[in-house]
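Spelled out from the first residue to the last, the chains are:
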Amino acid sequence: MSAVLPGHAHDDHADAHGHDDHHHGPPAGFMRWVTTTNHKDIGTLYLWFSFAMFLTGGMLALTIRAELFKPGLQIVNPEFFNQLTTMHGIIMVFGAIMPAFVGFANWQIPLMIGAPDMAFARMNNWSFWLLVPAASLLIISFFVPGGATAAGWTMYAPLSSQMGIGQDLAIFALHIMGASSIMGSINIITTILNMRAPGMTLMKMPMFCWTWLITSYMLIAVMPVLAGAITMTLTDRHFGTSFFNAAGGGDPVMYQHIFWFFGHPEVYIMILPAFGIVSQIIPAFARKPLFGYASMVYATSSIAILSFIVWAHHMFTTGMPAAGQLFFMYATMLIAVPTGVKVFNWIATMWKGSMTFETPMLFAIGFIFVFTMGGFTGLILAVTPIDIQLQDTYYVVAHFHYVLVAGSLFAMFAGVYYWLPKWTGHMYDEFLGKLHFWCSVVFFNLTFFPMHFLGLAGMPRRIPDYAAQFADFNAVASIGAFCFGLSQLIFLAAVIKCVKGGPKAADKPWEGAEGLEWTVPSPAPYHTFETPPQVK
Amino acid sequence: MSASHAPGTTPAYFIPAPSSWPIKGSFALFCMAIGAATWFNDLPPGYWLVIFGFAMLVYMLFGWFGTVIGESESGQYSHKVDVSFRWSMSWFIFSEVMFFAAFFGALFYARNIALPWLSDLDNKLLWPDFAGQWPTAGPEAFDKFGKMSPFPIPAINTLLLLTSGVTLTIAHHALKDNKRGVLLLFMILTIALGALFLCLQAYEYHEAYTELGLKLTSGIYGSTFFLLTGFHGFHVTIGAIMLTVIAFRCAKGHFTPDHHFAFEAAAWYWHFVDVVWLGLFIVVYWL
Amino acid sequence: MAVSTHLRKLAAQLGMAAGAAACGASAYAADMVGGPAELQLNLQRPVTDIADQIFDLHTGMLIVCLLIFIAVFAAMFYSIFAHRKDKGHKAATFHESTTVEIAWTLIPMIIVIGMAGFATRTVIAMKDTSNADLTIKATGYQWKWGYDYIKGEGEGISFYSNLSTPRAQIEGKAERGVNYMLEVDNEVVVPVNKKIRILTTADDVIHAWMIPAFGVKQDAIPGFVRDTWFKSKETGIFRGQCAELCGKEHGFMPIVVHVMSDADYTKWVADKKKEIASKQEDPNKVWTQPDLAARGKTVYENNCAACHKSDGKGTPPAFPPLDGSKTVLGPMDNQVAVELNGRPGTAMAAMGKTLSDTDIAAVVTYTRGAWSNKAAVALVQPSDIKAARAWDAAKVTALVAKPQ
Ligand code: HEA
Ligand code: HEA
Ligand code: CUA
Ligand SMILES: [Cu+2]
């Protein structure tokens, strides 16, 4: 694997080391990656790890789509099908999307604010290396007696109480990943608040740093709550407590409240850094400063704050009182307002710019276009009566893949193409990039657009077999999914090609790009900004 | 590592050398997770793997914190690093607050929302004789149990913890005034108060099990009571361990009157544990 | 309202027409009565006032969102075409305007408040379950529905409703019927134009009771009773499915409601009551082993095979085999206790809640002699089961424990 990792051939400074026995260069080979305290190394680890998880989660998704290609049970049995959906959700959310954004944060935040590294470089290493045992637990759980947990990524009680040891492994994996997220967030907050270069006021900070600052706060606020919820599940399972058991005075719905108090902010945790990336890219390729910087900051904060008071929109069918339904409906719908502000500001940034459409820009525009469709279906789901009709149907599946795949994932692709020159020192292959983009948008929509129809017509989610009337759209979705999956191999090829070689990248390969990261050489040297730059 | 700075100068910001402590910690947690999961399900290898992992974790913590202490004492931490530590400790404590919030939330929900529902008119269909009085072990409870009373032990415990907060503050002032004897004395006093708290808590649990018949399995009341107070007790233990380490360091002559964040971090943590207890005392025992 | 009815019809027709147009291309199925249509693009045709309102709300939201979408992206694409570098467009430098920021905060705010406002009356109407003509309790089990008519005409009727699609169709060994996956052995029958209140609850995990054409979906939560209601404007058959993940057969517990005219309903009630009375068995009847085992085989297939499999091999370790099981070959009381009361904390539910004494006796008798099992005592009578139901809690706890 290390063959394809961005090598730091310019691993200079060796001369400056050696004046004291702590000060030798990084260990070579494998141990370098295991023990590293360098934010760039750790960022790289995060990114490769999350990509591996994306492929794993994707393989599970493809198995799901293969089973759903036509009615009837053909490839997997129902028990295993449920394990697949559950682990697909968990692996994609906690293994692919979240770590990938932390990878971006690791690489970019110190470079963007002019800091020598993250505030806690050693803890940073642990944040990453906690993910590996956690992911191993998840993978191992497929092979234990009873298999992986099959209670859905939401792990609702009391179904989760019926699961075997796979459930416990998932619980511990989430505990560990939660610890990793909390440490990562503390690191990011501290780096941003304490290590900005002189002159870099908060309101001069790149948007990406702002979105991550706010995301970190959300993570610190909600990851412990998830830990609490699954700890209660664990004690209900093994120690005879009755948190989620009505016979003992508890309530299964209580689990849902605690879970979604985490879960809803969690979905914004997966989109705010994406907003940040897009806010870097649009101005660069429009050659025009970000429109409404201050209002972008306020909008991001408003989304974060509102996200804490909308959780029960996932629970409209549990039978809460009308007052509760109304409150959560109104609050949820309000989130459209700050999100809209962001969309409008991006478009205003493009307006009267001087645009070019390299791959990062294509993905950023694709993001805005398709994410907004997902946002609108979210808004439709927020209307309680409509949600009651659509809850737990494929309409919801369509909604969240629009915001997660075309949202979070596309933004990450945009970010990778944007910063690859800085990371590797080479330009990526523009043809491959564009091909990746066009295949992705087309096949993405082919996969997930028909799911809206399935959901409206009443097809429930998480089922291995369905009424024959749903067959055609499912077949289309499955074909789309396989093509979409294959398209991701183009991405892999483009990245490997770029890591291995390619035209030499200038320090600032994008004409309109702004920010400190473009003032250092490409590839960024192993150590940057050891003496802080002065920002005017 | 390592920010390459000219020999003999302090780096602008300390960046640690490559370290193998994190991976050891990860391995330890991995063992503990596998161990616990198999143990709870009566599968091999079970609890000995938990013990092994835990030992490894303790070893890692000793090593890691030892390194940090070494770095700190050799003066590598600039003022900026100190500020970083302050931010990080505050946000760490905030994350702990949110962890407790989940359990306080569960208690609130169970008592004020789920219980009235369970005993409302419609639910008579399922639980015809359930009265819905707090404390409850739920509509299917067989065993009788008593409610925990705020007096005398919890009240004494409140007093103990509050006093320990005061003694800790006195110790802090002594450190600032560089009065080592007073510092050490009050550190020991603080830890002793913490230990006494834990002993009383253990006694209270024993009483709950034997006299009141209140168990972890006593429905929602038992669940919330033992998990809230149990996690609190666990945090007191951690806080006491932190204070003990700090006390040893004080005895060794570590810290200076104006550079002793480790002390303050432990103190913040202790005060946090204290505040959580006040919440527990009111919500769990009183109301 | 008139306008919206019109719009709804139009939208429904659009959906249906597009579906019908493509129907010929479909390899699979014809439209289902009261269920989804082939290539259906929109919500199912509403047959209650609530579902009507939901349909309108959705159509309205869709139109507003579509308009906003078109407006916003018209601007973006115009910019993409006009303001590009290769056309020589020079970048402007503006990057701020408080006025437009306020405008594009306030206008969307007003729009969403409007949307929420329209939805409010429906939310409140959906919650009003008072003054029902008929109250039915729907209980979710892993994996079937149980119905008890508890108030109104038909009070006292109670039955279970299982998926009736044959396994062979699911496995692709037989031609699939039109109602594949959405058909049951016992339909819920209700009168037309009457307010039906459905109480939902569950026995094991959370299920959800939904009928799209009624605009009804309500979680069934174990240990709690929740309610919802509908008033169908049409007679006919309407289909839905369990809509909350409830374990492995979650996809296989459909719901079918048959709405009848008042007269038909009254007749159905009379017939159903007769049928139930005729099924009432004498719990003191003494059976022979072969008779009881034969009956037990059917009970087993319908209630146990989902987990323990027809061949008794189960899917270990989650679902243990009964073929060669220590419990089945061991003392009679233990097995009876397990099957009556379940094993707490496992998926093995208390089958005594849903099966009669005779059925339990039959299934116990059957399993003790089926496959390779040759238990020492292989016959238990319904009267023994009746006696076993009276065992006290402590005894049951001891008996259901797993043999080591
Ligand atoms: C990245 C993740 C992400 C994001 C950003 C969102 C964004 C939103 N989501 Fe989504 N959601 C999920 C991930 C996400 N969601 C997931 C994973 C689930 C399912 C979980 C599960 O059950 O497994 C889910 C489920 C879900 C539900 C529950 C469905 C159900 O199970 O019944 C609801 C209901 O209210 C909802 C609503 C919304 C809303 C209102 C937004 C809003 O934030 C969207 C706001 C954006 C816009 C509206 C578009 C842009 C705005 C404009 C152009 C301005 C003009 C607009 C107007 C004036 C209308 N979501
Ligand atoms: C967080 C992000 C995320 C992402 C990126 C995806 C990506 C995809 N998801 Fe989704 N999904 C979820 C999050 C996500 N998902 C969640 C949270 C759920 C809910 C789970 C639950 O119900 O509990 C869900 C549920 C879900 C379902 C519903 C299952 C059900 O209810 O029964 C479906 C069905 O089609 C689906 C499909 C897909 C597909 C086709 C992709 C595709 O985009 C995937 C594309 C990627 C690949 C296909 C990998 C490419 C690799 C190769 C082709 C070669 C690999 C080679 C080697 C490894 C050697 N997902
Ligand atoms: Cu019952 Cu899903
Ligand atoms: Cu949400």
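Here is what the cut-offs are and how they apply
- Along every chain, residues carry numbers that run from 1 in the direction the sequence is written.
- The naming scheme follows written order: chains are lettered A onward, ligands numbered 1 onward.
- Per-residue local features are limited, in this predicted model, to residues with pLDDT of at least 70; the limit for side-chain atom pairs, both in listing and counting, is 80 or more; totals at the level of whole chains, interfaces and linings are taken over all residues.
- Calculation of side-chain values draws on the structure's entire complement of heavy atoms; hydrogens and water are dropped beforehand.
- Two residues form a contact once any of their heavy atoms are found within 4.5 Å.
- Summed over both partners, the accessible area lost on bringing two parts together, with a 1.4 Å probe, is the buried area.
- The salt bridge definition used is simple: a Lys or Arg side-chain nitrogen within 4 Å of an Asp or Glu carboxyl oxygen.
- Polar contacts here mean pairs of N or O atoms no more than 3.5 Å apart (in protein, one a potential hydrogen donor and the other a potential acceptor; neighbouring residues in sequence count only if both atoms are side-chain atoms).
- Secondary structure elements follow DSSP: runs of H or I no shorter than four residues count as helices, runs of E no shorter than two count as strands, and numbering proceeds from the N terminus.
- Each residue receives one of three labels: charged for Asp, Glu, Lys and Arg, nonpolar for Ala, Val, Leu, Ile, Met, Phe, Trp, Tyr, Cys and Pro, and polar for the others, Gly being one of them.
- The rule for a residue being near a molecule or strand is that one of its heavy atoms must lie within 4 Å of it.
- If DSSP finds at least two bridges between two strands, the strands pair.
- The axes are straight lines fitted to the C-alpha atoms, using for helices just the contacting stretch, and the angles between their N-to-C directions are given from 0 to 180°.

**Quick notes on the interface of chain C and chain A**
Now for step 1: Of the residues lining the interface, 99 residues belong to chain C; the matching set on chain A comes to 98 residues.
Now for step 2: If you sort the residues of chain C by the area they bury against chain A, Trp104, Lys217 and Leu245 of chain C come out on top, with a joint share of 8%.
Now for step 3: Here chain C is connected to chain A by one salt bridge.
Now for step 4: For Lys85 of chain C, the salt bridge is made with Glu511 of chain A, and the minimal N-O distance between the two is 2.7 Å.
Now for step 5: At the boundary of chain C with chain A, the tally comes to 30 residue pairs in polar contact (both at pLDDT 80 or more).

**Comments concerning the interface of chain B and chain A**
Now for step 1: Between chain B and chain A, the contact holds 68 residues from the first and 77 residues from the second.
Now for step 2: Roughly 5900 Å² of surface becomes buried between chain B and chain A when both sides are summed, with 74% attributable to carbon and sulfur atoms.
Now for step 3: Applying the counting rule to chain B against chain A returns one salt bridge.
Now for step 4: Taken together, chain B and chain A are joined by 15 residue pairs in polar contact (both at pLDDT 80 or more).
Now for step 5: Within the residue set of the side of chain B that touches chain A, elements represented by two or more residues are α1 (21-40), α2 (47-73), α3 (79-118) and α6 (219-251) of chain B.
Now for step 6: No other element matches α3 of chain B, which puts 20 residues into the side of chain B that touches chain A.
Now for step 7: Considering only residue class, the side of chain B that touches chain A consists of 47 nonpolar, 18 polar and three charged.

**Structural notes on the site of ligand 2**
All names here are of chain A.
Now for step 1: In the vicinity of ligand 2 there are 32 residues, among which Arg65, His88, Trp153, His401 and Arg462 approach most closely.
Now for step 2: At 2.8 Å, a side-chain N or O of Arg65 approaches an oxygen atom of ligand 2.
Now for step 3: Between ligand 2 and Arg462, the relevant distance is 2.6 Å, taken from an oxygen atom to a main-chain nitrogen or oxygen of the residue.
Now for step 4: Mapped onto the shell around ligand 2, the elements with two or more residues apiece are α2 (39-67), α3 (78-113), α15 (394-424), α16 (430-457) and α17 (471-500).
Now for step 5: Among the elements that line the shell around ligand 2, the one with the most residues is α2, at eight residues.
Now for step 6: Tallied by class, residues from the shell around ligand 2 come to 22 nonpolar, seven polar and three charged.

**Description of the side chain of Asp82 of chain B**
Now for step 1: Following the sequence through the fold, Asp82 of chain B ends up in helix α3.
Now for step 2: What Asp82 of chain B contacts, discounting residues up to four positions off in sequence, is His259 and Phe261 of chain B.

**Topic: the sheet that holds strand β9 (residues 236-241) of chain C**
Residue and element names in this part refer to chain C.
Now for step 1: Overall, mixed pairing links the three strands, which are arranged β4-β10-β9 in an open sheet. This sheet does not close on itself; its edge strands, each paired only once, are β4 (188-191) and β9. Neighbour to neighbour, the strand axes of the sheet diverge by 25° on average, direction disregarded.
Now for step 2: As paired strands, β4 and strand β10 (residues 254-260) are joined by four bridges and run parallel to one another. Bridging across to β10, Val188 finds its partner in Val257.
Now for step 3: Of the strands in this sheet, β4 and β10 are in contact with helix α5 (residues 262-279), which crosses β4 at around 135°.

By themselves, these observations are geometric and do not establish any function.
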